[in-house]
Every structure is written in C-alpha cells, then in structure tokens.
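Listed below, chain by chain, are the residues.
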Number of protein chains: 2
Amino acid sequence: MNGQLDALVEAVADAVLAEVRAGLAAQGWFQVEASGRHVHLSVADAKALFGDDYALNWAKYLSQPGQFVGQQRMALVGPAGRLEQVVVIGPERAQTQIEVSRTDATVLGVDPPCRDSGNLYNTPGIRIENGNAHVDTQGGLIIAERHIHMRPEAAAALGLADGDRVSFALDSLRPLTFRDVKVRVSENADNFMHIDYDEANAAGFSNGMFGLICK
Amino acid sequence: MNGQLDALVEAVADAVLAEVRAGLAAQGWFQVEASGRHVHLSVADAKALFGDDYALNWAKYLSQPGQFVGQQRMALVGPAGRLEQVVVIGPERAQTQIEVSRTDATVLGVDPPCRDSGNLYNTPGIRIENGNAHVDTQGGLIIAERHIHMRPEAAAALGLADGDRVSFALDSLRPLTFRDVKVRVSENADNFMHIDYDEANAAGFSNGMFGLICK
C-alpha cells in the first residue's frame, strides 16, 4: 500500500513538473540535462554481451518517455584507453549506438563525428566489453549533437517546426550561447534541452538549470 | 650557422604572424588557443619537488611573451584520482597556481572555483608529486577563467579597456558564443583568446581557429 502511495505521489509530482516545464517552454525556457556517455544496444549485440536469455534490467527512468537506464554496466575499449562503468539505455534499438564526449573520445583514442542520434552512416565502431564477452560494433560511435526536445504545443507557441535551428543561451557560471541547435518536435517528448558533459563543464552547468531560446 | 639561420627564419615567421594577428585583432578577430592542465610553481615549491639546485628546463615557448613550457612532468593527486604528465609553465611565480578543467577536477575529486589567473584567495590546495617528492599546496587550485589577451593598439581600435567584458563567437563545428569574457589589455601580451579543454571540446575547436568579439 505504501509502495502504491509512493508511486502515486511521484507520478503527481512528475506531472506537475512537466506542466511547469510546458508553461516555461511556451515562453522559450527549457530545462537543461547533461547526458553522460552511454550505449544503446541492438538485440543481437545485447545477446552477444549478456547471453540469449538476457533482459535489460530497469534501474531508473529518463526524462524522455519510455527511455530508461539499465542496471548493466559495460566497458568501452579503444586503441588508447578504456572507459569503465558505461551505462546501457533501454529499450533496445535497431542499431547499436554509442554516445561519448570529445573528452571520452580522446581517452579512447578514436575520432567519432558529432551527429544527431540515429544518424550513424559512416561512423566508426568501438569494442564494447561485458566481463569476458565483447562485441566490435560495425559503426555506431558518435558524439551526440546537442538538441532540444520539444512538445508540439511549445513548438506552436514559439513558431518553430521539427528540424529548425535556434540559439540557446545559458546564464550559468560561465555563461554561453549554443548556436545552431537542432529542435526536435515530437508528441512523444518532454520539453528538455540536452547537452553532453563537455558542454556542461564548459558552461559551469549544474542540475536544474533552465536556458532560453533566442531565435 | 644553420642553427642561426633556422632561428632567424623562425623569428621572422613569428613576427609576420603577430602582425597578421594584430591586424585581425583590430577588427575583433582573435586566434583561439586551448590551454591544457598545468602548474605554475613558486621557487619554494619547485625546490621541494626538484631539489635546491633545480632549473625549469625550457621545452618550448608559449604565445604570451616570456612564458614557456618546462621539460618536467608532474602528477596531481586528489581524493578521487590522479592526473599524470602534467606540465610546468615557467618562469616561477610568487605563489604556486594549478590550473585544471572541470573534467580534470571531477577525476581528482576536487571542486575548485573558476577564477582569473592570480586570483587565488580562498582556493583549495592539491598534492603535486614528482617521483618520491611531493608538496601539498596551501590553495592555488583553479579552473582558469577564459580571457582575451589584447595588445593596447587592438584595445584602442575596438574601444575596449583592461577588465572589460565582451561576448566572443566561435563559428566552429559546434558553434557557440562565450559571454562575459574578460579582456586583459597589456603591452606585454600577444593577441589571443584563451579557453580550456572543456570549452574547446564543447565548441569542436581545432588549432588555428579565429573567433570574433561581439560587444
């Protein structure tokens, strides 16, 4: 019963916060989230790493509906170094995609392009290790391009369409304006601006910050 | 004789490039340099690390006149981790100053403020190791605040004074505008914009890039 009550309280709080974000988004203010390095796996690569009977065990939900962090942790192995304790994000995808920062790429000794999620044409591969198992991916390694997840109501209020490019100002400790930022409008989204840890560190970002779209 | 000729050729090339930078700077364009983690040592700390008869052996000059990279390499040691192969920048200073990025600070497990060089009041210390020798500094650890080194002629042409704050736009792979950037005007400077590697990686910076001051 307490478990059900906790879940209800959490669901109400989440819905209230989403409403607050929606109201602010309609005026151009978006909460910023910094994404750490992570892996999206295809079913085939997940089976190769975890065995045929694997499941991506849920650890916590992410802000974008349906996306979750799994309990599994893996290593990325490049010619110059390793990154340990890399998270898996579920659910599985058609193609394995590995997202790292430029700093991570330097540690690994690889040179992936900065790309939109899903745009994996002509990207390098990387070794993913889980204990004694590993896969050498055929491509899929990218530096994720920063982007703004936007619900259709916010897009309509701001006069923006899917694929538009905007500037986004962050009045943080080291204030800066990201330019040429892609807007991704979807009914299946929550209003958030996503950056990686190089961008977060460069800005002096801390959790909970909002920034402003300047067209 | 060949050594003298090489030195002459290099000096002429440097002077020509400085003239090119001066002409561009007068129009607001500054070449950008990314600074990696490094240490400036006091004489007392240098003696503690290298012995009483030490010298900071010259390895190469930096863009700011008189500053040079030494041949020595040291380690920084924090509660969460170590950074190896950290360079020393000469000449010695009145107080030891250690400059790291936010990413480095996370590796070390420390939380230094983002500060102007030389502004070391109430900053944390860090352990600097050289083989079996080490010093635990009394403060001096900072994340270097980005800044623009500017000669007086460029400042006059742009209507700027020492300490002014400007925005600086970089049309790089991940274009962005650094705001609230401090201008440092000095006769003993060459015209350069300095950022750290978090900022360089966030921008998709590569060597040789120029950016533009927008007031």
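Rules and cut-offs
Residues numbered from 1 in each chain as written. Chains lettered and ligands numbered in written order. Predicted model: local features only at pLDDT ≥ 70, side-chain atom pairs only at ≥ 80, totals over all residues. Heavy atoms only, no water. Least-squares fit on C-alpha atoms with pLDDT ≥ 70 in both. Contact = heavy atoms within 4.5 Å. Salt bridge = Lys/Arg side-chain N within 4 Å of Asp/Glu carboxyl O. Helix = DSSP H or I, 4+ residues; strand = E, 2+ residues; numbered from the N terminus. Buried < 20%, exposed > 50% of the residue type's maximum accessible area, 1.4 Å probe, protein only. Buried area = accessible area lost by both parts, 1.4 Å probe. Polar contact = N/O pair within 3.5 Å; in protein donor to acceptor, adjacent residues only side chain to side chain.

Draft legend 1. Structural detail: the relation of the copies chain A and chain B. In screw terms, the move from chain A to chain B is a rotation of 180° and a rise of 0.0 Å along the axis, fitting with an RMSD of 0.0 Å. With respect to symmetry, the two chain copies, as superposed, fit the operation of a two-fold axis. A shared binding surface is used by both copies, with 100% of the interface residues of chain A retained as interface residues in chain B.

Draft legend 2. Region of the structure containing the pattern of salt bridges. Within this structure, the stated rule accounts for 32 salt bridges over all chains. Note that Glu145(A) and Arg165(A) form a salt bridge whose closest N and O atoms lie 2.8 Å from each other. In this pair, Glu145(A) is assigned in the loop between strand E10 (141-144) and strand E11 (147-150) and Arg165(A) in strand E12 (residues 165-170), connecting sequence segments 20 residues apart. Overall, Arg165(A) belongs to the partly exposed group, its relative accessible area being 40%. Look at the salt bridges and you will find they share partners, linking Arg146(A), Asp196(A), Glu199(A) and Arg174(B) into a network.

Draft legend 3. Up close: the interface of chain A and chain B. Across the boundary between the two partners, chain A contributes 21 residues, which contact 21 residues of chain B. Taking both sides of the interface into account, the surface hidden between chain A and chain B amounts to around 1,800 Å²; carbon and sulfur atoms contribute 47%. Where chain A meets chain B, there are six salt bridges. Notably, a salt bridge pairs Arg174(B) with Glu199(A), separated by 3.4 Å at the nearest N-O pair. At the boundary of chain A with chain B, the tally comes to 20 residue pairs in polar contact (both at pLDDT 80 or more). Those elements that provide at least two residues to the side of chain A that touches chain B are helix H3 (102-108), E10, E12, strand E13 (176-185) and helix H5 (197-203) of chain A.

Draft legend 4. Region of interest: the environment of Ile143(B). Locating Ile143(B) in the fold gives a position in strand E10 (residues 141-144). Relative accessible area serves as the criterion here: at 1%, Ile143(B) is assigned to the buried category. As for Ile143(B) and Pro113(B), which are separated by 30 residues in sequence, their C-alpha atoms are 6.0 Å apart. For Ile143(B), the residues in contact, after removing those within four places along its chain, are Arg174(A), Val100(B), Ser101(B), Arg102(B), Pro112(B), Pro113(B), Cys114(B), Arg115(B) and Asp196(B).

Draft legend 5. View of the side chain of His38(B). Residue and element names in this part refer to chain B. As for its position among the elements, His 38 is in strand E2 (residues 38-40). We classify His 38 as buried; its relative accessible area is 6%. Here Gly 36 takes part through its backbone oxygen, which lies 2.9 Å from a polar atom of the side chain of His 38. Not counting residues within four places of it along the chain, the set of residues in contact with His 38 comprises Val 86, Val 87, Ile 89, Gln 97, Ile 98 and Glu 99.

So, to be careful, I would describe these as geometric facts and stop short of saying anything about function.
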